[in-house]
Amino acid sequence: MFTLPDLSYAYDALEPYIDGQTMEIHHSKHHQWYVDKLNAAIKDTEREEKPLEELLQSLALLPKEIKTAVQNNGWWHRNHSLFRESMIPGGKEPSENMTKIIEENFWSIEKCKETFAQSAATNFWSGRTWIIKEHDELKIVNTANQNNPLMNHQKAILGLDVREHAYYLKYQNRRPDYIQNRRNIINRDKVEELYNK
Ligand SMILES: [Fe+2]
C-alpha cells in the first residue's frame, strides 16, 4: 500500500510564489486522492507489496479491470511527488556544471527559461511541462493529464504541474505569472541529481 509522502517544508514555505492554501489542498486533497485511488485499485491483489516503479513498469501485465486506475493514479502519484521535490523554499542557483550543461543544450539559462515558459503557457492539456534528458540531450516537452516522459523513454529532470489546481487560487487566469514565479523556488540540486541518476 502507498502512503502520501510528507512535504519536506511547510505548506506556506514557498510563499509568495505558491500560496500555502494551494499547497495544502494540492498535497492533502489532490495528491491524497490519487494515492487512495491507487491503493483501492491494488487492494487484495499481489501488487499491494510492489514498489511504485515496478508497478508502473509492468502495467501491461495488469488485469484489465484495474489497469487504467493503476496507470492513471500511479503516474499522478509519482508526478506529484516529483513536483514537490523539485521545489525548495528560497530556491537555488544551478551549479557551475549544470549551468554549462544547460548552456550547451539551450544556448543560455535565459533561453532555457524562455522556452520552458512558452511551452508551459501554451500547454493546452491539463498536464505538465518538463525538461527531459534523452540520449544526453536536454529537451522541453509537454504532456497531457497523468502522463510522464518516461512513458516515451525520456527521463524527466524537472516538471511543472500546469493543471489549474496547482495555481488557480492565487493566479486565476495568469498562468504565465505562476510559471515565472516558480523559477524562484526550483530545487536545482534535485534537478542535477536527476540529471546524473
Ligand atoms: Fe496537481
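Everything quoted here is computed from the prediction, not taken from an experiment.

## Here we look at the sheet that holds strand E3 (residues 155-161)
So, step 1. Sheet architecture is open: 3 strands sit in the order E2-E1-E3, paired in antiparallel fashion. Where the open sheet ends on each side, the last strands, each with one partner, are strand E2 (137-143) and E3. For this sheet the average axis-to-axis angle between neighbouring strands, irrespective of direction, equals 20°.
So, step 2. Across the sheet, helix H3 (residues 64-85) lies against strand E1 (128-134) and E3, angled at about 85° from E3, the strand it touches most.

## Digging into the nonpolar core
So, step 1. Of all hydrophobic cores here, the largest spans 15 residues; its most connected members are Ala120, Trp130, Ile131, Ile132, Ile157 and Leu158.
So, step 2. Every element with two or more residues in this core is listed here: helix H5 (109-121), E1, E3 and helix H7 (175-182).
So, step 3. Residue contributions to this core peak at 4 residues, all from E3.
So, step 4. When near neighbours in sequence (up to four residues on either side) are disregarded, Ile132 contacts Lys139, Val141, Pro149, Gln154, Lys155, Ala156 and Ile157.

## Some points on the domain arrangement of the protein chain
So, step 1. Per the domain assignment, the segments making up the protein chain are domain 1 (19-85) and domain 2 (96-196).
So, step 2. Spacing between the C-alpha centres of domain 1 and domain 2 amounts to 21 Å.
So, step 3. In this complex, domain 1 contributes 13 residues to the contact, which on the side of domain 2 involves 14 residues.
So, step 4. Secondary structure elements with two or more residues in the side of domain 1 that touches domain 2: helix H1 (20-42) and H3.
So, step 5. Per-element tally for the side of domain 1 that touches domain 2: the top contributor is H3, with 8 residues.
So, step 6. Residue composition of the side of domain 1 that touches domain 2, by class: 4 nonpolar, 6 polar and 3 charged.

## Here's the deal with the pairing of E2
So, step 1. Taken together, the 7 bridges between E1 and E2 define a ladder with antiparallel strand orientation. Of the residues in E2, the one forming a bridge with Trp130 is Val141.
So, step 2. Linking two consecutive strands that pair antiparallel, namely E1 and E2, is a turn of 2 residues; a positive phi of about 50° is found at His135 within it.

Reading the values: rules and limits
Residues numbered from 1 in each chain as written. Predicted model: local features only at pLDDT ≥ 70, side-chain atom pairs only at ≥ 80, totals over all residues. Pairing = 2+ DSSP bridges. Helix = DSSP H or I, 4+ residues; strand = E, 2+ residues; numbered from the N terminus. Axes fitted to C-alpha atoms, helices over the stretch in contact; angles between N-to-C directions. Contact = placed C-beta atoms within 7 Å. Core = buried A, V, L, I, M, F, W, Y, C linked by C-beta atoms within 7 Å. Buried ≥ 20, exposed ≤ 12 C-beta atoms within 10 Å, placed from the backbone. Domains from an automatic or database assignment. Nonpolar A, V, L, I, M, F, W, Y, C, P; charged D, E, K, R; others polar.

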